[in-house]
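A look at the structure
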Amino acid sequence: MKVLPILLILILSMSACVTNKQTDRLTEELDSLLSATTGQDEPGASVMIMKGDNTVFLKNYGLADMVT
């Protein structure tokens, strides 16, 4: 769970973005980080970031159901 503090800092920094270009760059970085740390066969995670009423980032990672 060393990644959790890093993710929280990254998510909080995204909320301070002013321009769409900055938001796009940070969402790409967040997606890259989460994709690299969450395997396809690991428990899943969902991330949603909103700015006002707009959804800036929404993606799911890992397995949705671990029961086989």
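Residues numbered from 1 in each chain as written. Predicted model: local features only at pLDDT ≥ 70, side-chain atom pairs only at ≥ 80, totals over all residues. Heavy atoms only, no water.

A count of helices and strands for the chain gives two helices and two strands. Along the chain direction, N to C, the helices and strands of the chain fall in the order α-α-β-β. Counting over 68 residues, the chain shows a buried share of 21%. Nonlocal contacts in the chain, meaning residues at least 24 apart in sequence, comprise 34% of its contacts between residues at least 6 apart. Put simply, the chain shows about 5200 Å² of open surface, and 59% of that area lies on carbon and sulfur atoms. (Helix = DSSP H or I, 4+ residues; strand = E, 2+ residues; numbered from the N terminus. Buried < 20%, exposed > 50% of the residue type's maximum accessible area, 1.4 Å probe, protein only. Contact = heavy atoms within 4.5 Å. Areas by Shrake-Rupley, 256 points an atom, 1.4 Å probe, with all protein chains shown as cover.)

In this model, the chain carries a mean pLDDT of 75, and residues with pLDDT of at least 70 account for 66%. Predicted confidence in the chain is weakest over helix H1 (residues 3–14), with a mean pLDDT of 66, and strongest over strand S2 (residues 54–61), with 85. (pLDDT = per-residue confidence, 0-100.)

Bridging between strand S1 (residues 45–51) and S2 involves seven bridges; their strand directions are antiparallel. In the sheet register, Ser46 faces S2, and the bridge partner there is Asn60. (Pairing = 2+ DSSP bridges.)

Membership of the largest hydrophobic core is limited to six residues, which are Leu30, Leu34, Val47, Ile49, Phe57 and Tyr61. Of all the elements in the fold, those that place two or more residues in this core are helix H2 (20–37), S1 and S2. (Core = buried A, V, L, I, M, F, W, Y, C linked by side-chain atoms within 4.5 Å.)

When the terminal C-alpha atoms of H2 are compared, their 26 Å separation across 18 residues agrees well with the 26 Å that a helix rising 1.5 Å per residue should span. Among the residues of H2, those classed as buried are Thr23, Leu26, Thr27, Leu30 and Leu34. Each buried residue of H2 sits inside an arc of 105° when the element is viewed along its axis, so together they form one side. Exposed side of H2, more than 90 degrees from the buried face: Lys21, Glu28 and Ala36 are the residues found there. (Expected span 1.5 Å × (residues − 1). Arc of directions from axis to C-beta.)

Now for the pattern of salt bridges. Summed over all chains, the structure comprises two salt bridges. Among the salt bridges present, the one from Glu29 reaches Arg25, with a minimum N-O distance of 2.9 Å. One end of the pair is Glu29 and the other is Arg25, both in helix H2 and four residues apart, which spans about a single turn. Taking the relative accessible area as the measure of exposure, Arg25 reaches 43% and is therefore partly exposed. Here Asp31 and Lys59 are joined by a salt bridge, their closest N and O atoms 3.0 Å apart. Taken together, the positions of Asp31 in helix H2 and Lys59 in strand S2 put the pair 28 residues apart, joining distant regions of the chain. Take Lys59: its relative accessible area is 33%, and that puts it in the partly exposed class. (Salt bridge = Lys/Arg side-chain N within 4 Å of Asp/Glu carboxyl O.)

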